[in-house]
Amino acid sequence: MKRVLCLFLACMLLLPLGTQAAVIGTGYATDIKAYVDCLMVPSYNIDGNTVVIVRDLENFGYTVNWDESARVVRFYRDFAKPVTPTIPTYNGTPVGTKVFDVYETDIRVFFKEKEIPAYNIGGRTAVRLRDIALVGEAVYDPTYKSAEIFSFETVYFDDEIAYIKTNFYGRLLLLSQGDQALQPLVSMVESGVYNAKVVEDYKAFYNSMREQFAAYKAYKEPYGFDKSAMELWWAMVNMQLAGETMLIMAETLRCGGNAMAAMNDYNQYRIDDLEQRRVALLNLYDDIMQLTFFWE
């Protein structure tokens, strides 16, 4: 009986466990930022193409419909839909590093009723940025290493583009980098075990961050962008206060005191910082819309 059971199990191991989707491409880390109507959208590089996840576009004024029975995705720019941009996240992966495989998909994708190529990234459907422009074609800007599309006719001055891509989004990404830099310090304080290297590493980042915040404070944003600029400034103030508080807590730990006593203050600074980033993005969209000429 045991021999029969062993033979049965051996045969089962030889049977295919299911159909695996074939790998048809490679996703790489990239320093090219994707913009839709001047708002930064999470993006990826697939074999030299800038692509975006279809579902991510729902935060940027797109309506996405999924027909499961037909395995069809249809999406379009919906100007009646509220835009709620996602807060960008800093990614320090070296450019050109392989980050994922791209798989074949049987899902058909239609943008404005026109079928376009699609990719399967870990079960998420992605499309090329250049296939979803409503006005003109996708534009690559080597000055800012950006790829962008527009849904409407619009005109921006150089100082406005510099504000959006360098000063606004550049500082948002710096704040995200600050989130990541704080984590080892927070973990150290919560563990109750002082680590001098963790503290010194954060101090180096903190000092660099303060210099960039000071440069932003001295910067004068273009006319019409005061709401987004002010809200972003307060986000930076609260990030700096959070960093200062955590360094004080680290020093308290080193001296044998109760480092966790100030954790509530730290958490409140972080909550305020994240909320101000969210509001700053909404204000940026409002600022952009004031400069926009919709096409008929």
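In case you missed it, the structure is sitting above this.
Worth saying up front: this structure is predicted, and the values here are computed from it rather than measured. (Residues numbered from 1 in each chain as written. Predicted model: local features only at pLDDT ≥ 70, side-chain atom pairs only at ≥ 80, totals over all residues. Heavy atoms only, no water.)

1. Quick notes on the overall build of the protein
Selection criterion: Comment: elements are numbered from the N terminus, with helices defined as DSSP H or I runs of at least four residues and strands as E runs of at least two. Under the scheme applied here, a residue whose accessible area is under 20% of the maximum for its type counts as buried, over 50% as exposed, and between as partly exposed, the area being computed with a 1.4 Å probe on protein chains only. Here, residues are in contact when the closest pair of their heavy atoms is within 4.5 Å. Under the counting rule used here, the positive set is Lys and Arg, the negative set is Asp and Glu, and His together with the chain ends is not counted. Just so you know, the charge point we use is NZ for Lys, CZ for Arg, CG for Asp and CD for Glu.
Broken down by element type, the protein carries 5 helices and 14 strands. The principal-axis extent of the C-alpha atoms belonging to the protein is close to 70 × 70 × 30 Å. The 296 residues of the protein split such that 44% are buried. For the protein, the proportion of contacts with a sequence separation of at least 24, taken over those separated by at least 6, is 65%. For the protein, the distance from the average site of its 28 positive side-chain charges to the average site of its 38 negative ones is 7 Å.

2. Regarding helix H4 (residues 226–254)
Note the threshold: One less than the residue count of a helix, multiplied by 1.5 Å, gives the span that helix is expected to have.
Look at H4: 42 Å from first C-alpha to last across 29 residues, which is about the 42 Å you get at 1.5 Å a residue. Downstream of H4 by a residue or two, Gly-256 has a phi angle that is positive, lying close to 85°.

3. What to know about the environment of Thr-143
Here Thr-143 lies in the loop between strand E13 (135–141) and strand E14 (146–150). In this structure the C-alpha to C-alpha distance between Thr-143 and Gly-178, which are 35 residues apart in sequence, comes to 25 Å.

4. Quick look at the sheet that holds strand E6 (residues 62–67)
Heads up, the rule is: Only strands joined by at least two bridges in the DSSP assignment are considered to pair. Helix axes use the C-alpha atoms of the stretch in contact, all axes being lines fitted to C-alpha atoms, and the angles between their N-to-C directions lie in the range 0 to 180 degrees.
The 4 strands lie next to each other as E6-E7-E9-E10, forming an open sheet whose pairing is mixed. Among the strands making up the open sheet, the edge pair consists of E6 and strand E10 (114–116). Taking each pair of neighbouring strands and ignoring which way they run, the sheet shows an average axis angle of 30°. Two strands pair when backbone bridges link them, and strand E9 (residues 108–111) and E10 are joined in this way by 3 bridges, in the antiparallel orientation. By the bridge assignment, Phe-111 is partnered in E10 with Lys-114.

5. A word on the sheet that holds strand E3 (residues 39–41)
In space, the 4 strands of this open sheet follow the order E3-E2-E14-E13, with mixed pairing throughout. With partners counted over all chains shown, the strands left at the sheet margins are E3 and E13, one partner each. Pairs of neighbouring strands in the sheet enclose a mean axial angle of 25°, with direction left out of account. With 3 bridges joining them, strand E2 (residues 33–36) and E3 adopt antiparallel strand pairing. Within E3, the residue paired with Tyr-35 across the bridge is Met-40.

6. A closer look at the environment of Asn-120
The criterion, for reference: Throughout this description, a polar contact denotes any pair of N or O atoms lying within 3.5 Å of each other; where both atoms belong to protein, one of them has to be capable of donating a hydrogen while the other can accept it, and for residues adjacent in sequence the pair is counted only when both atoms sit in side chains.
By the secondary structure assignment, Asn-120 is in strand E11 (residues 119–121). Between the alpha carbons of Asn-120 and Val-64 there is a distance of 16 Å; along the sequence they are 56 residues apart. Here Asn-120 is in contact with Asp-101, Val-102, Tyr-103, Glu-104 and Thr-105, once residues within four sequence places are set aside. For Asn-120, the side chain forms a polar contact with the main-chain nitrogen of Gly-123, separated by 2.8 Å.

7. A closer look at the nonpolar core
So the rule is basically this: Note on terminology: a nonpolar core comprises buried Ala, Val, Leu, Ile, Met, Phe, Trp, Tyr and Cys residues joined through side-chain atoms within 4.5 Å.
Ranked by size, the top nonpolar core spans 75 residues in total, and within it Phe-75, Ile-132 and Tyr-169 carry the most contacts. Sorting elements by how many residues they give to this core places helix H2 (residues 158–191) first, with 14 residues. Contact partners of Tyr-169, with chain neighbours within four places excluded, come to Tyr-35, Cys-38, Leu-39, Met-40, Pro-88, Tyr-163, Ile-164, Leu-281 and Leu-284. Counting 8 residues, the second-largest nonpolar core is a separate cluster that includes Ile-46, Val-51, Ile-53 and Ala-126.

8. So, the pattern of salt bridges
The condition is simple: The term salt bridge refers to a pairing of a side-chain nitrogen on Lys or Arg with a carboxyl oxygen on Asp or Glu at a separation within 4 Å.
One pass over the full model with this rule turns up 19 salt bridges. Between Asp-31 and Lys-145 there is a salt bridge; the shortest N-O distance is 2.9 Å. Within this pair, whereas Asp-31 is found in the loop between strand E1 (23–28) and E2, its partner Lys-145 is found in the loop between E13 and E14, the two being separated by 114 residues in sequence. Here Asp-31 falls in the partly exposed class, since its relative accessible area comes to 26%. Taking relative accessible area as the criterion, Lys-145 reaches 40% and is therefore assigned partly exposed. Notably, a salt bridge pairs Glu-58 with Arg-55, separated by 3.0 Å at the nearest N-O pair. With a relative accessible area of 41%, Arg-55 lands in the partly exposed category. Put simply, Asp-179, Arg-270, Asp-273 and Arg-277 are held in one network by salt bridges that share partners.

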